[in-house]
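Results of the structural survey
Take a look at the letters that make up each chain.
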Amino acid sequence: QVQLVESGGGSVQAGGSLRLSCAASGRSFSSGGMGWFRQAPGKEREFVAAITWSGGNTYYGGSVKGRFTISRDNANNTVYLQMNGLKPEDTAVYSCAATRKESLLGLSIRYDYWGQGTHVTVSS
């Protein structure tokens, strides 16, 4: 009975920045983690980033490492994805997901709840 709502998507120029938010409601989280995934038209869903609620351990997909930063606000059950140095290839629908597991967080099958997604468009 967890709801996830993403926000912050939009259109931005290449090289610009955008911050996505994912707010969880229904109950608090003290364990497990949150992940961000993205999917562009005609492409497979790609792991972007993940963070654990308790330890704050972060993990990134290779294509975004060094440009994106995932963070969490445990008190408000909110996770953020700060995206800097955006490239046109970052254009996709970004979805957040929540899991009570703390391993294999790069796999979408590990997540229990998913948001509706928010679209990010990066123009050249």
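Right above here is the structure, for reference.
These notes cover the structure that comes with them. (Residues numbered from 1 in each chain as written. Predicted model: local features only at pLDDT ≥ 70, side-chain atom pairs only at ≥ 80, totals over all residues. Heavy atoms only, no water.)

Glancing now at the overall build of the protein chain. Each helix and strand in the protein chain was counted, giving zero helices and 11 strands. Taken from the N to the C terminus, the helices and strands of the protein chain come in the order β-β-β-β-β-β-β-β-β-β-β. For the protein chain, the C-alpha radius of gyration of 13 Å lies close to 14 Å, the compact-globule estimate for 124 residues. Projected onto its principal axes, the C-alpha coordinates of the protein chain cover approximately 40 × 25 × 25 Å. A total of 124 residues make up the protein chain; the buried ones form 42% of that total. Taking the intrachain contacts of the protein chain between residues at least 6 apart in sequence as the baseline, contacts between residues at least 24 apart amount to 55%. Of the accessible surface of the protein chain, which amounts to about 6100 Å², a share of 46% is contributed by carbon and sulfur atoms. Each charge sign in the protein chain was given a centre, from 12 positive and 8 negative side chains, and these centres are 3 Å apart. (Helix = DSSP H or I, 4+ residues; strand = E, 2+ residues; numbered from the N terminus. Rg over C-alpha atoms; globule rule 2.2 N^0.38 Å. Buried < 20%, exposed > 50% of the residue type's maximum accessible area, 1.4 Å probe, protein only. Contact = heavy atoms within 4.5 Å. Areas by Shrake-Rupley, 256 points an atom, 1.4 Å probe, with all protein chains shown as cover. Lys, Arg positive; Asp, Glu negative; His and termini not counted. Charge placed at Lys NZ, Arg CZ, Asp CG, Glu CD.)

What follows concerns the state of the cysteines. Per the counting criterion, the structure on display carries one disulfide. Residue cysteine 22 pairs covalently with cysteine 96 via a disulfide, S to S 1.9 Å. Its S-S torsion of about 55° marks the bond between cysteine 22 and cysteine 96 as right-handed, since a negative value means left-handed. In this pair, cysteine 22 sits in strand E3 (residues 18–25) while cysteine 96 sits in strand E9 (residues 92–99), placing the two residues 74 residues apart along the sequence. Judged by relative accessible area, which is 0%, cysteine 22 ranks as buried. (Disulfide = S-S within 2.5 Å.)

Strand order across the open sheet formed by four strands is E1-E3-E8-E7, with antiparallel pairing between neighbours. The open sheet has two edge strands, strand E1 (3–7) and strand E7 (68–73), and neither has a second partner. Here the average twist between neighbouring strands, direction ignored, is 15°. Note: E7 against strand E8 (residues 78–83), six bridges, orientation antiparallel. Among the inter-strand pairings, arginine 72 is bridged to a residue of E8, identified as valine 79. (Pairing = 2+ DSSP bridges. Axes fitted to C-alpha atoms, helices over the stretch in contact; angles between N-to-C directions.)

Our next topic: the pattern of salt bridges. Enumeration according to the criterion identifies four salt bridges in this entry. The closest approach of N and O atoms between glutamate 46 and arginine 38, which form a salt bridge, is 2.8 Å. Under the relative-accessibility criterion, glutamate 46 is labelled partly exposed at 29%. Judged by its relative accessible area of 6%, arginine 38 falls in the buried class. Aspartate 112 is paired through a salt bridge with lysine 101; the nearest N and O atoms lie 3.3 Å apart. Taken together, the residues span a long stretch of sequence, with aspartate 112 in the loop between E9 and strand E10 (113–114) and lysine 101 in the loop between E9 and E10 at a distance of 11 residues. For aspartate 112, a relative accessible area of 37% translates into the label partly exposed. (Salt bridge = Lys/Arg side-chain N within 4 Å of Asp/Glu carboxyl O.)

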